Amino acid sequence: MRKQLLAGLVCVLPLMGLATEQDKITPLQRDGIQNEIPLLDNRFRIDHKVDKITLLFFRKRGAPAVVLVRPDGSKYYATDSVKNANLDWHDELSYDLITITDPMPGPWQVVGSILPDSRVMVLGEIELRVDPLPPMLFRGETIKLTGRVLNDGKPIEVGQFRDVISLHVDFVSTNNSDFANFGAGTQSVTDFKDDGRGFDERPLDGVFTGEFKLVFPAGEWQPELYIETPILKRTVVQKPIVVHEPPFSYDMALAKQDTDEHTLTITLNPEIVKPETVLIQGKIYYPNNEEQMFSIDADKSQTRELAIKNYDWGRYSVELSVFGSNINDREFMATLPTYKFEIERPIEIVPEIVRPEVDLAAQAEQQRILEEEKKASTVLMVTLIVVGNLIVLLLGWLAIRIFVQKKPLKFKLSLPFLKKKSSSENVEQATNENEVGKNGSKNDKSGEILNLSMSDD
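Residues numbered from 1 in each chain as written. Predicted model: local features only at pLDDT ≥ 70, side-chain atom pairs only at ≥ 80, totals over all residues. Heavy atoms only, no water.

Asks: Summarise the packing of aromatic side chains; cite the residues concerned and give the values.
Replies: Applying the stated criterion across every chain, the model contains 14 aromatic pairs. Ring geometry for Phe-138 versus Phe-332: centroids 5.2 Å apart, planes at 85°, classification edge-to-face. Linking Phe-138 in strand E13 (residues 136–138) with Phe-332 in strand E28 (residues 331–335), this pair joins segments that are 194 residues apart in sequence. Taken individually, Phe-138 and Phe-332 each receive the classification buried, so the pair is uniform in this respect. When the ring of Phe-171 is compared with that of Phe-216, the centres are 5.0 Å apart and the planes differ by 40°; the resulting orientation is tilted. Separated by 45 residues along the polypeptide, Phe-171 in strand E16 (residues 167–173) and Phe-216 in the loop between strand E18 (207–213) and strand E19 (219–228) bring together distant segments of the chain. Of the two residues examined, Phe-171 and Phe-216, each falls in the buried class. Through successive ring pairs, a cluster of aromatic residues spans Tyr-250, Tyr-286, Tyr-311, Tyr-316, Tyr-339 and Phe-341. (Phe/Tyr/Trp six-rings, centres within 6.5 Å; stacked < 30°, edge-to-face > 60°. Helix = DSSP H or I, 4+ residues; strand = E, 2+ residues; numbered from the N terminus. Buried < 20%, exposed > 50% of the residue type's maximum accessible area, 1.4 Å probe, protein only.)

Here you go:
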């Protein structure tokens, strides 16, 4: 739907005319003679020959959208574009971009916070012209680009128009399998504004000037440059170009002695750049946080040497910027990838401890004694643990008997030597009793009382 509308803006718009309410007609012609007029009391006239018109009103930033009053007194609001097929309204932060199909002829009026010296601007044939990119480029190079936006072949002189459009720069991979960027897709590089900031040379001159760096991978790319507004888009597709790898290679020679310096050798590729035109400058970052600026003059030789102080072990970084001309005599400036190298920390050699010779037999005997002492200490510890546990159990038993069961303690002493003596006395007594029995006395076996009387003899 939008593409059809854009095509209509370019091809269908007929001769247009606007005038003041006093019918002083100021023609707005498609041949580029005049396509904008000042607003008089915010009034303008649309000619009956107009089939479609696109109006651009700039207002104070953040102010509400303007209101259009038609010749019959009815009004157009920004929200009417939803239900009105003949109205296309884009309400942005600082402007209103309005397209009207079959507008009512006669005097119109715009109500809103219109900026002073505003103009009614009719967009006709919007054209984007961009300078072609150089055919030979390499990664890291900084490219300057200039683009112009024209309305019916004339520069757009409305200053606020810079808020409406920006120039976008994309690089699209050609998906050529012979190059390293095969399948890399699209790289959005930058966008420019005509505001005099950054790399734009002059504000409000209708020319977009800027610089960008080729920081994407090397390979074959197709540049696409375009401007885009809510109702139109213009794209310029240039021929494919090849972005080469940086035409510089490095070789590092580390110092052999502490008093020597490291040497970085930079080799130039004469198939892309002219060595006699190349200047190199940059900065060295040392491990001790010291920084050193350097510059290398142009020379016909293909190599450049950079001496780097030897600050022992640690990380070193070298930033390089180059200036010169390529083989097409086009001057260039580029920032090369930072070159880094590292010196490993030396390993300290610990002197070996010399031990005196030891008698193996004496060492074995000493080991045996230690093991026996270890076993003896283990047995002693186990014994102490067992005895201790028994003592604890005995004390517990005594406590239960005395305090819980409340029974007195009775000890029966049984000694072996007393037991033997008692047995001997019993044998002797039995013998005596037997002898008495033989003498006519009653013996023990009868169970009668012994006769203890003595004889007259």
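So, next bit.
Asks: How would you summarise the nonpolar core if you had to cite specific residues and measurements?
Replies: Ranked by size, the top nonpolar core spans 27 residues in total, and within it Leu-264, Ile-280, Phe-294, Leu-306, Ile-308 and Val-318 carry the most contacts. Sort the elements by how many residues they give to this core and strand E27 (residues 314–325) lands first, with four residues. The contacts of Val-318, once residues within four sequence positions are left out, are Leu-264, Lys-283, Ile-284, Phe-294, Leu-306, Ile-308, Thr-338 and Tyr-339. The next biggest cluster of nonpolar side chains, apart from the first, holds 23 residues, and it includes Leu-128, Phe-192, Leu-225 and Ile-241. (Core = buried A, V, L, I, M, F, W, Y, C linked by side-chain atoms within 4.5 Å. Contact = heavy atoms within 4.5 Å.)

Asks: Tell me about the side chain of Ser-173, residues and numbers included.
Replies: When you line up the elements, Ser-173 lands in strand E16. The class of Ser-173 is buried, set by a relative accessible area of 8%. For Ser-173, the contacting residues outside a window of four places in its chain are Asn-181, Phe-182, Gly-183, Ala-184, Gly-185, Glu-220 and Trp-221.

Asks: Kindly report on the environment of Glu-141, identifying the contributing residues and their values.
Replies: Looking at the secondary structure, you find Glu-141 in the loop between E13 and strand E14 (142–151). Take Glu-141: its relative accessible area is 0%, and that puts it in the buried class. For the pair formed by Glu-141 and Met-333, sequence separation is 192 residues and the distance between their alpha carbons is 5.9 Å. Ignoring sequence-local partners within four residues, the contact set of Glu-141 consists of Met-136, Phe-212, Lys-213, Leu-214, Arg-330, Phe-332, Met-333 and Ala-334. Polar side-chain contacts of Glu-141 include one of 2.6 Å to the side chain of Arg-330. (Polar contact = N/O pair within 3.5 Å; in protein donor to acceptor, adjacent residues only side chain to side chain.)

Asks: So what's going on with the UniProt feature "transmembrane region" (unreviewed entry) in the chain? Which residues, and what values?
Replies: UniProt marks residues 379–404 with the feature "transmembrane region" (unreviewed entry), using the numbering shown here. Helix and strand shares over residues 379–404 are 100% and 0% respectively, and the end C-alpha atoms of the span are 37 Å apart. (UniProt positions renumbered as here; feature names shortened; annotations may be inferred.)

Asks: Help me get a handle on the pattern of salt bridges, residues and values and all.
Replies: Under the definition given, this model contains eleven salt bridges. A salt bridge links Glu-291 to Lys-283; its shortest N-O distance comes to 3.5 Å. Overall, the relative accessible area of 48% leaves Glu-291 in the partly exposed class. One salt bridge in this structure joins Glu-372 and Arg-368, with 2.5 Å as the shortest N-O distance. Note that Glu-372 and Arg-368 are positioned in helix H2 (residues 360–404) at a spacing of four residues, about one turn of the helix. (Salt bridge = Lys/Arg side-chain N within 4 Å of Asp/Glu carboxyl O.)

Asks: Could you give an account of the pairing of E16, naming the residues involved and the relevant values?
Replies: Among the seven residues that make up E16, six are buried, leaving the element largely enclosed by the rest of the structure. Across six bridges, E16 lies against strand E17 (residues 186–192) in antiparallel orientation. Residue pairing for E17: Asp-170 is matched across the bridge by Ser-188. (Pairing = 2+ DSSP bridges.)

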